[in-house]
Amino acid sequence: AGTLSLTKYGRGEIEKVLSLFPEQVLNSPKGQALAKRMNAIPVYVGDSYLDIEVLNKEGKEVKLSEMIQPGKYTLLEIWASWCGPCRGDIPHLKDAYSAYSQKGFDIVSVSIDGDKEQWKKASAQEQMPWTQVCDKGDNFEGFIVKRYGISGVPSSFLIDPQGKIMLTNARGGWLDTKLIELFDK
């Protein structure tokens, strides 16, 4: 969990943190491991989102960049049909979507389901009114998991109108607080 909290800060902050350690600590095996771990996180706040190919409901390859609209705040929501907490989050996402979609908020849900039929079934059950796509890979062996350095689902990233990541772990109260700040001025 230590690594995840680091992603809330930009890359520059990570460099600063590392520079605070004495050289002998950084050169020790533990220090080297820490630096490696910090630099291995693929997505930090302030980075542009990473574009990947995913599958739409018809099984055609589409790019995330075709789904994420410039000029909107987009929640990139990564989930799976077999994940209880993911399904538990959906009513909250529906509330956020209905409150803010007219104001410039959008959601793109990417399932990591290996079984694409299970994904389609769950999507139909959940009736989410926003874009639904699925990773081309199989669960945690999938592409989005590897590209975004995800260790569990649900995982979500809030992307700003310029395509930069402004919030990692954008769920529950964290998401609400940000949406209120952005839209309820």
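Data block above holds the structure.
Residues numbered from 1 in each chain as written. Predicted model: local features only at pLDDT ≥ 70, side-chain atom pairs only at ≥ 80, totals over all residues. Heavy atoms only, no water.

(A) Layout of the pairing of strand 5 (residues 131-134). Bridging between strand 4 (residues 105-111) and strand 5 involves four bridges; their strand directions are parallel. Bridging from a neighbouring strand, Ser109 pairs with Gln132 of strand 5. Traced from strand 4 through helix 7 (residues 116-126) to strand 5, the parallel crossover comes out right-handed. (Pairing = 2+ DSSP bridges. Helix = DSSP H or I, 4+ residues; strand = E, 2+ residues; numbered from the N terminus. Right-handed = clockwise from strand over helix to strand, strands pointing away.)

(B) Quick look at the nonpolar core. Of all hydrophobic cores here, the largest spans 47 residues; its most connected members are Leu64, Leu76, Ile78, Phe105, Val110, Ile144 and Tyr148. Looking at this core, the element that brings in the most residues is helix 6 (residues 84-100), giving six residues. In this view, Ile78 contacts Val110, Ile112, Ile144, Ile150, Val153, Pro154, Ser155 and Phe157; residues no more than four positions away in its chain are not counted. (Core = buried A, V, L, I, M, F, W, Y, C linked by side-chain atoms within 4.5 Å. Buried < 20%, exposed > 50% of the residue type's maximum accessible area, 1.4 Å probe, protein only. Contact = heavy atoms within 4.5 Å.)

(C) Highlighting the state of the cysteines. This structure, assessed with the given rule, holds one disulfide. Linked covalently through their sulfurs, Cys83 and Cys86 form a disulfide whose S-S length is 2.3 Å. A torsion of 85 degrees about the S-S bond marks the disulfide between Cys83 and Cys86 as right-handed. Overall, the relative accessible area of 1% leaves Cys86 in the buried class. (Disulfide = S-S within 2.5 Å.)

(D) Here's a closer look at the packing of aromatic side chains. Taken as a whole and assessed by the stated rule, the structure comprises five aromatic pairs. Pairing Tyr97 with Trp130 gives two aromatic rings, centres 5.3 Å apart and planes at 50 degrees, and the pair type is tilted. With Tyr97 in helix 6 and Trp130 in the loop between helix 7 and strand 5, the pair connects residues that are 33 residues apart, well separated along the chain. Overall, the relative accessible area of 5% leaves Trp130 in the buried class. Ring centres of Tyr100 and Phe183 lie 5.4 Å apart, and the angle between their planes is 25 degrees; on these two criteria the pair is classed as stacked. Highlighted residues: Tyr100 in helix 6 and Phe183 in helix 9 (residues 172-183), separated in sequence by 83 residues. Cluster of aromatic residues (ring-pair linked, three or more members): Tyr73, Tyr100 and Phe183. Positioned above the aromatic ring of Phe143, the side-chain terminus of Lys136 is 5.5 Å from the ring centre. (Phe/Tyr/Trp six-rings, centres within 6.5 Å; stacked < 30°, edge-to-face > 60°. Lys NZ or Arg CZ within 6 Å of the ring centre and 35° of its normal.)

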